[in-house]
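Listed below, chain by chain, are the residues.
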Amino acid sequence: MADWIPAQVIANRHWNNNLFSLSLAANIEPFKAGQFTKLGLEIDGQMVQRAYSFVNPPQQPTIDIYATKVQGGLLSPRLHQLAEGDTVLISARANGFFTLDEVPQGDHLWLLATGTAIGPYLSLLQQGDVWHRFRKVVLVHAVRFAADLSYQAEITQLKQQHGDQLIVQPFVSREPSPLCLTGRIPQALADGQLERHVGLALHPEQSQIMLCGNPEMVKETKSALEARGFAKNLRRKPGQITMEHYW
C-alpha cells in the first residue's frame, strides 16, 4: 500500500488538449532517476491511483509529472483540471528498477520512448551520471502528431550542454514534420533507417538500449533487436535491452 502524503500543485502546464505536466511540492523520500511514484485522489469515497514516472532529476526539489488525459478515465481528467494551490496525494516512496544502476556498461546508450514515456529519460539525462558512463546518448521519441513533442526547450538545453554527445531523433507517425522520421520505431530499427539517420550503428558489443512506452512498441522493438543478436538484460545474465512497460 502506498504511503500517501499531500502534494501541493505549483503549476499545471497544458502542452495541448490532452498532454499536461504537473509541478508539485511534497516531502517525498529520495529517489533514483528512472523510478516512478503514484498519484491519487479520493473519488466517490474510493482512492483512485496511478503510477507516473518522475521527469525531474533527483536533485531538483520540485516534482514534475508528465501525463495524458485519458478520455473516460477516472483519475487523469481530474489531474488535468488541477490548478495552482490544489492538493493531490503522492506516494512518499518511489518504486521501480528502470534506472542506470540496472544498465550494463557500454559505449552508446539508446533511449527509445513513445508518448509520455520520455519522462524517465528526461530525469536520467538531467541527473548527470549518464554523461560520464556513455560516450554517445541517443534519445528517440515517437509520437502521433508534432504537437505531442513536449519538453522541447529542455531537450534543446541538454543539446546545448552536451553537444554531439547527445543525438535526438523524434518520430511523428500521423503527419509529416520537419526533422522527424515517419513510421514506427520497430520498423526503423529492422530496416536500418534509424541508424542511417542518426549516423550511429547498433552493435551488441557497444550498445545498451532502454525501452519505455507502449507495450506493443516495447515488444516489437525487443523482437527486432533480438533478431540482430541483442538480448534482454537480466540480473543473472546481463544483456543489452532494459525494458519498462508504461501502461
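Residues numbered from 1 in each chain as written. Predicted model: local features only at pLDDT ≥ 70, side-chain atom pairs only at ≥ 80, totals over all residues. Heavy atoms only, no water.

Caption draft 1: Focus on the side chain of Gln240. Locating Gln240 in the fold gives a position in the loop between α7 (215–226) and β11 (241–245). Exposure remark for Gln240: the relative accessible area of 14% places this residue in the buried category. A polar side-chain atom of Gln240 sits 2.8 Å from the main-chain amide nitrogen of Ala231. Once you skip the residues sitting within four places of it in the chain, Gln240 turns out to touch Pro204, Ser207, Gln208, Ile209, Gly229, Phe230, Ala231 and Asn233. (Helix = DSSP H or I, 4+ residues; strand = E, 2+ residues; numbered from the N terminus. Buried < 20%, exposed > 50% of the residue type's maximum accessible area, 1.4 Å probe, protein only. Polar contact = N/O pair within 3.5 Å; in protein donor to acceptor, adjacent residues only side chain to side chain. Contact = heavy atoms within 4.5 Å.)

Caption draft 2: Just the sheet that holds strand β5 (residues 63–68), in detail. If you trace the six strands from one edge of the open sheet to the other, you get β4-β3-β6-β1-β2-β5, paired in antiparallel fashion. Where the open sheet ends on each side, the last strands, each with one partner, are β4 (46–53) and β5. Taken over all neighbouring pairs, the strand axes of this sheet differ in orientation by 40° on average, direction set aside. (Pairing = 2+ DSSP bridges. Axes fitted to C-alpha atoms, helices over the stretch in contact; angles between N-to-C directions.)

Caption draft 3: Fine view of α7. Over its twelve residues, α7 runs 16 Å from end to end, which matches the ideal 16 Å to within 8%, given 1.5 Å per residue. For α7, every residue scored as buried is listed here: Met217, Val218, Thr221, Ala224 and Leu225. End-on, the buried residues of α7 take up no more than an arc of 135°, which puts them together on one face. Away from its buried face, by an angle of more than 90 degrees, α7 presents the exposed residues Glu216 and Lys219. The N-terminus of α7 is capped by Asn214, whose side-chain oxygen sits 2.7 Å from the backbone nitrogen of Glu216. (Expected span 1.5 Å × (residues − 1). Arc of directions from axis to C-beta.)

Caption draft 4: A look at unusual backbone geometry. For Tyr151, which is not glycine, the phi dihedral falls at a positive 60°. One can find Tyr151 in the loop between β8 (136–143) and α4 (152–162). Assessed through its relative accessible area of 6%, Tyr151 is described here as buried. One non-glycine residue, Leu179, lies in the positive phi region at around 70°. Within the secondary structure layout, Leu179 lies in the loop between β9 (166–172) and α5 (185–190).

Caption draft 5: Region of the structure containing the pattern of salt bridges. For the structure shown, the criterion picks out six salt bridges. In this structure, Arg93 engages Glu29 in a salt bridge whose closest nitrogen and oxygen atoms are separated by 3.4 Å. Of this pair, Arg93 sits in the loop between β6 (87–91) and β7 (108–114) while Glu29 sits in the loop between β2 (19–25) and β3 (36–43), and the two are 64 residues apart along the sequence. On the basis of relative accessibility, which here comes to 33%, the residue Glu29 falls in the partly exposed class. With a shortest N-O distance of 2.7 Å, Asp101 and Lys32 are connected by a salt bridge. Remark: Lys32 occurs in the loop between β2 and β3 and Asp101 occurs in the loop between β6 and β7; sequence separation between them is 69 residues. Classification of Lys32 by relative accessible area gives partly exposed; the value is 43%. (Salt bridge = Lys/Arg side-chain N within 4 Å of Asp/Glu carboxyl O.)

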